[in-house]
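Take a look at the letters that make up each chain.
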Amino acid sequence: MESNKVRLRFAPSPTGPLHMGGVRTALYSYLFAKQHGGDFILRIEDTDQNRFVPGAEQYIIDALNWCGIIPNEGVGFGDGKHAPYRQSERKPLYKQYAEQLIGSGHAYYAFDTAADMEIKRKQAESTGKSFMYDAQTRMQMQNSLSQPASEVNNLLNNNTPYVIRLKVMPDNEVAFDDLVRGHVVFNTNIVDDKVLLKSDGMPTYHLAHIVDDYLMQITHAVRGEEWLPSAPAHILIYKYLGWESKMPHYAHLPLLLKPDGHGKLSKRDGDRLGFPVFPLNWTDPITAEISSGYRERGYLPQAFVNMLALLGWNSGTTQELFTMPQLINAFSFKHIHKAGAKFDPEKAKWFNEQYVRALPDATLVDHLRNDVIESYKYSGDDVRLTDSYLIKAVQLLKPRIQFLHDMHSMGHYLFEPPQTYDTDALQKKWNENQFAFYDVLLPQLNTQQSFDATVIEPLVKNLIKEMGLKMGDVISCLRIFISGKSSGVDLFGMITLLGKTETTQRINNGLQFIKTNN
Ligand code: GLU
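Report follows, based on the coordinates. (Residues numbered from 1 in each chain as written. Predicted model: local features only at pLDDT ≥ 70, side-chain atom pairs only at ≥ 80, totals over all residues. Heavy atoms only, no water.)

Remarks on the packing of aromatic side chains
Then, in step 1: Applying the stated criterion to the full structure yields 29 aromatic pairs.
Then, in step 2: Plain terms: the ring middles of Trp430 and Phe481 are 5.8 Å apart, the flat faces sit at 50° to each other, and that makes the pair tilted. Within this pair, whereas Trp430 is found in the loop between α15 (423–429) and α16 (433–446), its partner Phe481 is found in helix α18 (residues 471–483), the two being separated by 51 residues in sequence. Note on accessibility: Trp430 and Phe481 belong to one class, buried.
Then, in step 3: One aromatic cluster in this structure is built from Tyr28, Phe32, Trp313, Phe322, Phe331 and Phe333.
Then, in step 4: In this structure, Lys347 packs its charged tip against the face of Trp350, placed 4.3 Å from the ring centre. (Phe/Tyr/Trp six-rings, centres within 6.5 Å; stacked < 30°, edge-to-face > 60°. Helix = DSSP H or I, 4+ residues; strand = E, 2+ residues; numbered from the N terminus. Buried < 20%, exposed > 50% of the residue type's maximum accessible area, 1.4 Å probe, protein only. Lys NZ or Arg CZ within 6 Å of the ring centre and 35° of its normal.)

Looking at the pairing of strand β6 (residues 173–178)
Then, in step 1: Where burial is concerned, the two faces of β6 differ: the one with Val174, Phe176 and Asp178 is buried and the one with Glu173, Ala175 and Asp177 is not.
Then, in step 2: Note: β6 against strand β7 (residues 182–187), 6 bridges, orientation antiparallel. Directly across from Ala175, in β7, lies its bridge partner Val185.
Then, in step 3: Following β6, the chain reverses through 3 residues before pairing antiparallel with β7. (Pairing = 2+ DSSP bridges.)

Regarding the site of the ligand
Then, in step 1: What surrounds the ligand is the set Arg9, Ala11, Pro12, Ser13, Glu45, Tyr205, Val222, Arg223 and Trp227.
Then, in step 2: The side chain of Glu45 places a nitrogen or oxygen atom 2.7 Å from a nitrogen atom of the ligand.
Then, in step 3: Burial of the ligand by the surrounding chains reaches 82%, relative to a free accessible area of 300 Å². (Near = heavy atom within 4 Å. Polar contact = N/O pair within 3.5 Å; in protein donor to acceptor, adjacent residues only side chain to side chain. Areas by Shrake-Rupley, 256 points an atom, 1.4 Å probe, with all protein chains shown as cover.)

Overview of the packing of helix α17 (residues 453–466) against helix α19 (residues 491–517)
Then, in step 1: Their axes nearest at 9 Å, the elements α17 and α19 cross at an angle of 120°. Viewed along their axes, α17 and α19 adopt a mutual orientation that is oblique. Crossing handedness for the pair α17 and α19: right-handed. Where α17 approaches α19, its residues Ala453, Ile456, Glu457, Val460 and Lys461 are matched on the opposing element by Phe492, Gly493, Ile495 and Thr496.
Then, in step 2: Of the residues that constitute the contact of α17 with α19, the class distribution is 5 nonpolar, 2 polar and 2 charged. (Axes fitted to C-alpha atoms, helices over the stretch in contact; angles between N-to-C directions. Parallel < 35°, antiparallel > 145°, perpendicular 65-115°, else oblique. Left-handed = near helix turned anticlockwise from the far one by under 90°. Contact = heavy atoms within 4.5 Å. Nonpolar A, V, L, I, M, F, W, Y, C, P; charged D, E, K, R; others polar.)

Here we look at the pattern of salt bridges
Should the charged atoms of two oppositely charged side chains come close, the side chains can pair.
Then, in step 1: Tallied over the full model, the rule gives 30 salt bridges.
Then, in step 2: The residue Arg86 makes a salt bridge to Glu89 at a minimum N-O spacing of 2.3 Å.
Then, in step 3: Taking relative accessible area as the criterion, Arg86 reaches 23% and is therefore assigned partly exposed.
Then, in step 4: Judged by relative accessible area, which is 43%, Glu89 ranks as partly exposed.
Then, in step 5: Between Lys194 and Asp192 there is a salt bridge whose closest N-O contact spans 2.7 Å.
Then, in step 6: Note on Lys194: relative accessible area 14%, which makes it buried.
Then, in step 7: A relative accessible area of 24% means that Asp192 is categorised as partly exposed. (Salt bridge = Lys/Arg side-chain N within 4 Å of Asp/Glu carboxyl O.)

Observations regarding the nonpolar core
Then, in step 1: Ranked by internal contacts, the top residues of the largest apolar core, which has 65 residues, are Met20 and Ile69.
Then, in step 2: Take this core: its biggest share by element is 9 residues, from helix α1 (residues 20–35).
Then, in step 3: Discounting chain neighbours no more than four positions away, the residues touching Ile69 are Val23, Ala26, Leu27, Tyr30, Phe40, Leu64 and Met324. (Core = buried A, V, L, I, M, F, W, Y, C linked by side-chain atoms within 4.5 Å.)

Here's the deal with the pairing of strand β2 (residues 39–42)
Then, in step 1: Taking every second residue as pointing to the same face, both faces of β2 are buried, with Asp39 and Ile41 on one and Phe40 and Leu42 on the other.
Then, in step 2: A crossover links strand β1 (residues 7–10) with its parallel partner β2, the connecting element being α1, and its sense is right-handed.
Then, in step 3: Summarising the sheet, β2 and strand β3 (residues 73–74) pair through 2 bridges and their orientation is parallel. Each residue of the ladder has a partner; that of Ile41, found in β3, is Glu73.
Then, in step 4: Remark: the β2/helix α2 (residues 56–67)/β3 crossover connection has right-handed handedness. (Right-handed = clockwise from strand over helix to strand, strands pointing away.)

By themselves, these observations are geometric and do not establish any function.
Given below as structure tokens:
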């Protein structure tokens, strides 16, 4: 039956780029919806015109697309029967519900100016308190409860700006069952008379999300725990509108924490510690400053999503690698942790490593070929661009990479001779006796028919032994001659790939370098 269908929404405000915490909220909503054959909806909550940031909405859409968290309905994803999905386009809808609440005595007009409010705030602060518009204070304010009806009518007839506020009854208890936190009870004395409709006729989040969740038949509302303190007001609004039985199940997600666990993960932590907090690059429309995203840093969307899913949730097993269908199958609110989830940038890389290394060789080859063409401008028939060369390069590099671009940045010596040598390591490992070793080795290499590792490795190692040289030292210097570096891919695999001419050439260059620099 349509009315029983599980429906979840992701309801971001377009106030900037989507933070990874926001993507996680979207992901959990998506997983639960899909698990139950339900719908996942993207609603844009843009009622706060002051905080609107151009480009943010498109960014949200692009980010969800990249992650593969695809809504069935919503802004940018095709209109369902509840369109429009942008709250600013639904503006005329909300006022009637605010007025319904006035009619039933659960809301009131408030005419206080910003200056009036400021005075009250200052007064409260001078006694060390913060001002709360509530049952205690509302009768000292300018509103339809404190003023005679005739005065209220006058004000309304003269188009005096007003807001509509929720009238919260004091000394009551509000309780609900949160999908993450279990049974939660609040006393209404801590709930203020929230503004429901602003003086520009726009609803606040408090009213708008309730009206929309109700009209859009949302069954579960997943959001950040910063909304938990407002939840009792929301429960009251449902009750006062007579929609209590249609209230969605709320799930308040714990925060994503900084890597040290102290406080909420922010863009500044990413900048300081060198990791992104946004899924995609974001260019600030005012400052043109670019914040880097997971996509541009070389993360695969599947790895990003997998990592995010496990930030604050587990399947109840030790399994860490999940495809999207596996996540859909395994997800449950029951296994979301109540405490904040510490973000670990190294673990994020680990996830990427698993996914990158599991890619088919052909995909890695394509990627590497593009990088090589871009860097070296080799022509199409260059041997280093052939499948057979690149596939061997990929096999050598694969056990060492965490990102696709690592293949090229780590393995550049497979595509060009070393431009510099690790001179510190050379100084430590080189001694004059090694000249004699190369005097014997080079002619032997030159006469080799097969340049396979199975031939070259024993040849080199036996010669080192025969000459009574130190295996580690000679091998290290040979590696530096070939690659410029003291560590890297398998040495004899590299020699095989480079072939006789390139290998002997590089050894000669290395020996020349030693001679001229000693
Ligand atoms: N617009 C709200 C936000 O961005 C949505 C919270 C909710 O999902 O209800 O925080």
